[in-house]
Amino acid sequence: MDLISSELNQCLRQASGKTLWLVDENIQLSLSARQDIDVIGNRFDVIERLEASGWQAQFSDFDLSECPNGEYDQVLYRVSKEKPVVHYLISGASRLLKPGGTLTLLGEKGEGIRTYVRKAATCLGSERQEQKLGGDSWRADIVRAKQTGECPPDQDYTELRPACEDTRQQYFSKPGLFGWNKIDRGSAFLIEQLPEMLGQSLPLTGSVLDLGCGFGYLALNACGAESTLVCTDNNAAALKACRYNLDQAGLNAQVLASDAGDQVSGTFQTLLCNPPFHSGFAVDGDLTDRFLKAAQRLLDRNGTACFVVNQHIPLERKAQGLFRDIQLHADNGQFKLVRLRHPLTP
Ligand SMILES: C[S@@+](CC[C@H](N)C(=O)[O-])C[C@H]1O[C@@H](n2cnc3c(N)ncnc32)[C@H](O)[C@@H]1O
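Residues numbered from 1 in each chain as written. Predicted model: local features only at pLDDT ≥ 70, side-chain atom pairs only at ≥ 80, totals over all residues. Heavy atoms only, no water.

## A word on the sheet that holds strand β18 (residues 335–343)
Pairing in this open sheet of 7 strands is mixed, and the strands run β12-β11-β10-β13-β16-β18-β17 from one edge to the other. The two strands at the open ends of the sheet, each matched to only one other strand, are β12 (253–257) and β17 (323–331). Ignoring which end each strand starts from, the neighbouring axes of this sheet average 20° apart. Of the strand pairs in this sheet, strand β11 (residues 223–233) and β12 are connected by 5 bridges, and their pairing is parallel. Paired with Asp233 across the strands is Ala257, a residue of β12. (Pairing = 2+ DSSP bridges. Helix = DSSP H or I, 4+ residues; strand = E, 2+ residues; numbered from the N terminus. Axes fitted to C-alpha atoms, helices over the stretch in contact; angles between N-to-C directions.)

Put into structure tokens, the structure is as follows:
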């Protein structure tokens, strides 16, 4: 277990009084559930795992509106990858903590922990107590003063906004979703090649699954009124943005939270996927395998799954044993498109 995870476990074990744990990705737990600790997180897979082991955890885009102001003794938070999320949660903690309550921040130097701690101290109006855990890992405890100060700007974290556009449309999105303000170049390549890859023109008819939908780019460009569409992601901000974009485009779709499709049932004629390969701060090869297994389970016997991945991901090799027909459709030097057909019975 890494230094930050073991410190976080220690903090959770020792927590007393009313405690809130804000949980993002990348946690390793070695303690049994504490039902007296409130938990809020924005990753469905993380929350699902916590609930399965007895924690009472809430899945949302860090919606703090139900938490009572000024009543918490402690807020625990291992900082997220994205600045607006961290700023938003520091401000949130300042509002939720009672005077004398403590915000405990954990993170690595390269993630900006020391700057966040400085900003949190200004926001909570008090001195910070920092502790180097070893290597580049830090822990800081910041006590909320009676008089709080200026909190760091969170770029209106909770709000959807026009985030990017192409010649076809404008996409709404928000911080909290990795790469929220740009069109993924791999996904654009997949859309460009999709008619040729499938041998049919767009918009697609029949059932379509967008697995790891983000703000809905693939579904929005591939589907129309004739498509029966399901979009799924593990990230609460992504689901919020996807729902909004599909509604704006007038597309009828089910948008649901899942861990690599685990809440999706039925089978689909077309499956579109640009799988993640990062989990938290680390590259996670296992995620690709899980997305491929989901595709095997959810693809109709006569359906087609279209994947786009970075060139270095051995998708064709990983798909062996899961599909009978595996075709490299195109490779532009950075991304490759792989077409999968005839899922083998698991
Ligand atoms: C490379 S992005 C692609 C997003 C979108 N399809 C697009 O083309 O712009 C991968 C997506 O997978 C989602 N994701 C990551 N881990 C996941 C998991 N365990 N289950 C479901 N979705 C996940 C991420 O939140 C992200 O939206």
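Don't stop here, the text continues.
## With respect to the site of the ligand
Lining the immediate environment of the ligand, one finds 17 residues, of which Ser187, Gly212, Asp233, Asp259 and Ala260 sit closest. Contact between the ligand and Asn234: a nitrogen atom at 3.3 Å from a main-chain N or O atom of the residue. Note that a nitrogen atom of the ligand is positioned 2.7 Å from one of the backbone N or O atoms of Ala260. Contact with the protein chains covers 87% of the free accessible surface of the ligand, which is 600 Å². Elements with a minimum of two residues in the shell around the ligand: α6 (217–222) and α8 (285–298). Taken together, the residues of the shell around the ligand sort by class into 7 nonpolar, 7 polar and 3 charged. (Near = heavy atom within 4 Å. Polar contact = N/O pair within 3.5 Å; in protein donor to acceptor, adjacent residues only side chain to side chain. Areas by Shrake-Rupley, 256 points an atom, 1.4 Å probe, with all protein chains shown as cover. Nonpolar A, V, L, I, M, F, W, Y, C, P; charged D, E, K, R; others polar.)

## Thoughts on the UniProt feature "domain: Methyltransferase small N-terminal" (unreviewed entry) in the protein chain
Residues annotated in UniProt with the feature "domain: Methyltransferase small N-terminal" (unreviewed entry) correspond here to residues 31–121. For residues 31–121, the end-to-end C-alpha separation is 29 Å, with 35% helix and 30% strand making up the annotated structure. (UniProt positions renumbered as here; feature names shortened; annotations may be inferred.)

## Quick word on the pattern of salt bridges
Side-chain pairs of opposite charge can arise whenever the charged atoms involved come near each other. Scanning the entire structure with this criterion turns up 20 salt bridges. Two residues, Lys240 and Asp61, come together in a salt bridge whose shortest N-O distance is 3.5 Å. On the criterion of sequence distance, the pair formed by Lys240 in helix α7 (residues 236–248) and Asp61 in the loop between β3 (57–59) and β4 (72–78) is long-range, its members being 179 residues apart. Residue class for Lys240 comes out partly exposed when judged on its relative accessible area of 34%. Look at Asp61 and you get buried, because its relative accessible area is 10%. For Lys336, the salt bridge identified is with Glu316, shortest N-O distance 2.9 Å. (Salt bridge = Lys/Arg side-chain N within 4 Å of Asp/Glu carboxyl O. Buried < 20%, exposed > 50% of the residue type's maximum accessible area, 1.4 Å probe, protein only.)

## Here we look at the packing of helix α3 (residues 83–96) against helix α4 (residues 113–124)
Put simply, α3 and α4 touch, their axes get as near as 10 Å, and they point 30° apart. Taken together, the axes of α3 and α4 are roughly parallel relative to one another. As for how α3 packs across α4, the hand of that crossing is right-handed. Here α3 contributes Lys83, Val86, His87, Ile90, Ser91 and Ser94 to the contact with α4, which in turn contributes Tyr116, Lys119, Ala120, Cys123 and Leu124. Split by residue class, the contact of α3 with α4 holds 6 nonpolar, 3 polar and 2 charged. (Parallel < 35°, antiparallel > 145°, perpendicular 65-115°, else oblique. Left-handed = near helix turned anticlockwise from the far one by under 90°. Contact = heavy atoms within 4.5 Å.)

## Things to note about the environment of Gly41
With respect to the helices, strands and loops of the structure, Gly41 is situated in strand β2 (residues 37–41). A relative accessible area of 0% places Gly41 in the buried class. Residues Gly41 and Leu22, 19 residues apart in the sequence, show an inter-C-alpha distance of 6.0 Å. When residues no more than four places from it in sequence are discounted, the contact partners of Gly41 are Val23, Ile47, Gln58, Phe59, Ser60 and Phe62.

## Digging into helix α1 (residues 3–14)
Taking 1.5 Å of rise per residue, 12 residues should cover 16 Å, and α1 covers 17 Å from first to last C-alpha, within 8% of that figure. Along α1, the positions that sit buried rather than exposed are Ile4, Ser5, Glu7, Leu8, Asn9, Cys11 and Leu12. Turning to α1, the residues buried within the fold contact β1 (19–23), β2, β4, β5 (97–108), β6 (128–134) and β7 (137–143). Sitting at the amino-terminal end of α1 is Asp2, which places a side-chain oxygen 3.1 Å from the backbone nitrogen of Ile4. (Expected span 1.5 Å × (residues − 1).)

## As for the state of the cysteines
If you walk through the whole model with that rule in mind, you get 1 disulfide. Here Cys123 pairs with Cys151 through a disulfide, and the sulfurs are 2.0 Å apart. Because the torsion about its S-S bond is 65°, the bridge between Cys123 and Cys151 counts as right-handed. In this pair, Cys123 is assigned in helix α4 and Cys151 in the loop between β7 and β8 (161–165), connecting sequence segments 28 residues apart. No disulfide involves Cys11; its sulfur sits 19 Å from the nearest other cysteine sulfur, which is in Cys67. (Disulfide = S-S within 2.5 Å.)

## Remarks on the layout of surface pockets
Summary: where empty space remains is shown by rolling a probe the size of a single water molecule over the atoms. Taken as a whole, the second largest pocket holds about 160 Å³ of empty space. If you trace the second largest pocket, you find it lined by Thr267, Gln296, Arg297, Leu299, Arg301, Arg324, His342, Pro343, Leu344, Thr345 and Pro346. Listing elements by their share of the lining of the second largest pocket, those giving two or more residues are α8, β16 (299–310) and β18. (1 Å grid on protein atoms, 1.4 Å probe; cavity = no way out; pocket = protein on both sides within 12 Å on 5 of 7 lines; lining within 4 Å. Points joined across faces, edges and corners; volume = space filled by probe spheres on them.)

## Focus: the sheet that holds β1
Within a beta sheet, neighbouring strands are joined by backbone hydrogen bonds and run either parallel or antiparallel to one another. What the 7 strands build is an open sheet, ordered β3-β2-β1-β4-β5-β7-β6; its pairing is mixed. Edge strands, defined here as strands with exactly one partner in the open sheet, are β3 and β6. On average, adjacent strands in this sheet sit at an angle of 15° to one another, irrespective of strand direction. Helix-sheet contacts for helix α2 (residues 44–52) involve β1, β2 and β3, and the interaxial angle to β3 is about 155°. Each of β1, β4 and β5 touches α3; the most contacted strand, β5, lies at about 155° to it.

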